[in-house]
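Chain and residue survey
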Amino acid sequence: MATRKNLTANRESLVHKVRYAASRPHRIAPYLKRAARDRWLAFKHPDHVSYYRAVMASDTRRNPEAAVGSQTHERWLALGQMQFDYLLGHGLRPGARMLDIGCGNLRAGWRFIDYLDAGHYYGIDISPDILIAAKRTLTERGLQAKVPHLTLTRNLTLDFLPDGYFDVVHAHSVFSHSPLEVIDECFAHVGRVLAPGGHFDFTFDRTTGTEHQVLREDFYYRTQTLVDLAAGHGLSARFMEDWEELGHGQSKIRVSVAGSDVDAEV
């Protein structure tokens, strides 16, 4: 189980970096190597999507499971199980239609594909490299007959998807890597694709202190910032306290179209 983060820490501040380095000297060299790589990629790719696509390409070449944040195969399996169990406990049913934003290499996605009716899983990601790894996961798990949709995208306008179609929209560890304008874009369009009574669950790196980012890869937001941003697009947002009990390092918010029943069974 993950330990609770210091919610007031500004990880980009010099004081935090010095303290962190002093307590974990073995991580200094890997951090400097990653920082150098990220600065080079940022120079080559000034817009965020192109930059993060390049980051994912680099990470996926080394290890697709680590690229989605799992340093071991056991951890990859455990985090996928956690996501699956949580939605199952909140009423997910086989007949639900699910959109998985940032599906990665199907860490949780293969479990959803296996559980849902054929054709009911739609996974999208900005990284062609991680989607190739996703297809490999699909093949290894023998889930071809479930005909999932795996689609490359460059933005979160969701303009290629139908109105009122998805009972569940899911984005695990996507907004933790997204500047506010990307989150705002998603909020501006996700309500259109949600079915009546549907909901959108997403995780984020939470802070109660100064909002900040680290290496343009990790973004930390206050809960109220995201709740207010959602409200600006006619969405009702609720902080999911029961997710906190699982000990995952990120927090979770559930969003629905204002006035709908966010706890309806799906």
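What you see is a predicted model, and the numbers here were worked out from it, not measured in a lab.

1. So, the UniProt feature "domain: Methyltransferase type" (unreviewed entry) in the protein chain
The positions that UniProt labels "domain: Methyltransferase type" (unreviewed entry) are, in the present scheme, residues 99–200. For residues 99–200, the helix share is 33%, the strand share is 25%, and the end-to-end C-alpha distance is 9 Å.

2. Some remarks on the environment of Leu 92
Residue placement: Leu 92 occurs in the loop between helix H5 (73–89) and strand E1 (98–101). The spatial distance from the C-alpha of Leu 92 to the C-alpha of Val 168 is 8.2 Å, given a sequence separation of 76 residues.

3. Digging into the pattern of salt bridges
Scanning all chains against the criterion turns up eight salt bridges. In this structure, the salt-bridge partner of Arg 192 is Asp 163, at a minimum N-O distance of 2.4 Å. With a gap of 29 residues between them, Arg 192 in helix H8 (residues 180–193) and Asp 163 in the loop between strand E3 (149–152) and strand E4 (166–171) connect regions that are remote in the sequence. In this structure, the salt-bridge partner of Arg 206 is Glu 244, at a minimum N-O distance of 3.0 Å. One end of the pair, Arg 206, is in strand E5 (residues 194–206); the other, Glu 244, is in helix H10 (residues 241–244), with 38 residues separating them in the sequence.

4. Section: the pairing of E3
Bridging between strand E2 (residues 121–125) and E3 involves four bridges; their strand directions are parallel. Each bridged residue has a counterpart across the sheet, and for Ile 124 the counterpart in E3 is Thr 151. As for the winding sense of the linkage, the β-α-β connection from E2 through helix H7 (residues 128–140) to E3 is right-handed.

5. What about H8?
Under the 1.5 Å per step criterion, the end-to-end length of H8 is 21 Å for 14 residues, consistent within 8% with the ideal 20 Å. Turning to H8, its buried residues number three or more, namely Val 182, Ile 183, Cys 186, Phe 187, Val 190 and Val 193.

6. Some words on the packing of H8 against helix H9 (residues 223–231)
H9 packs onto H8 with a crossing angle of 40° between their chain directions and a minimal axis gap of 9 Å. The orientation of H8 relative to H9 falls into the category oblique. Note on packing geometry: the crossing formed by H8 with H9 is right-handed. Residues Leu 180, Ile 183, Asp 184 and Phe 187 of H8 form the contact with H9, whose own contacting residues are Thr 225, Leu 226, Leu 229 and Ala 230.

7. Here's the deal with the packing of helix H3 (residues 48–62) against H7
Running from N to C, H3 and H7 point in directions that differ by 45°, and their axes come no closer than 7 Å. Between H3 and H7, the crossing angle belongs to the class labelled oblique. Where H3 abuts H7, its residues Arg 53, Met 56, Ala 57 and Thr 60 lie against Pro 128, Asp 129 and Ile 130.

Rules behind the numbers
- Residues numbered from 1 in each chain as written.
- Predicted model: local features only at pLDDT ≥ 70, side-chain atom pairs only at ≥ 80, totals over all residues.
- Heavy atoms only, no water.
- UniProt positions renumbered as here; feature names shortened; annotations may be inferred.
- Helix = DSSP H or I, 4+ residues; strand = E, 2+ residues; numbered from the N terminus.
- Salt bridge = Lys/Arg side-chain N within 4 Å of Asp/Glu carboxyl O.
- Pairing = 2+ DSSP bridges.
- Right-handed = clockwise from strand over helix to strand, strands pointing away.
- Expected span 1.5 Å × (residues − 1).
- Buried < 20%, exposed > 50% of the residue type's maximum accessible area, 1.4 Å probe, protein only.
- Axes fitted to C-alpha atoms, helices over the stretch in contact; angles between N-to-C directions.
- Parallel < 35°, antiparallel > 145°, perpendicular 65-115°, else oblique.
- Left-handed = near helix turned anticlockwise from the far one by under 90°.
- Contact = heavy atoms within 4.5 Å.

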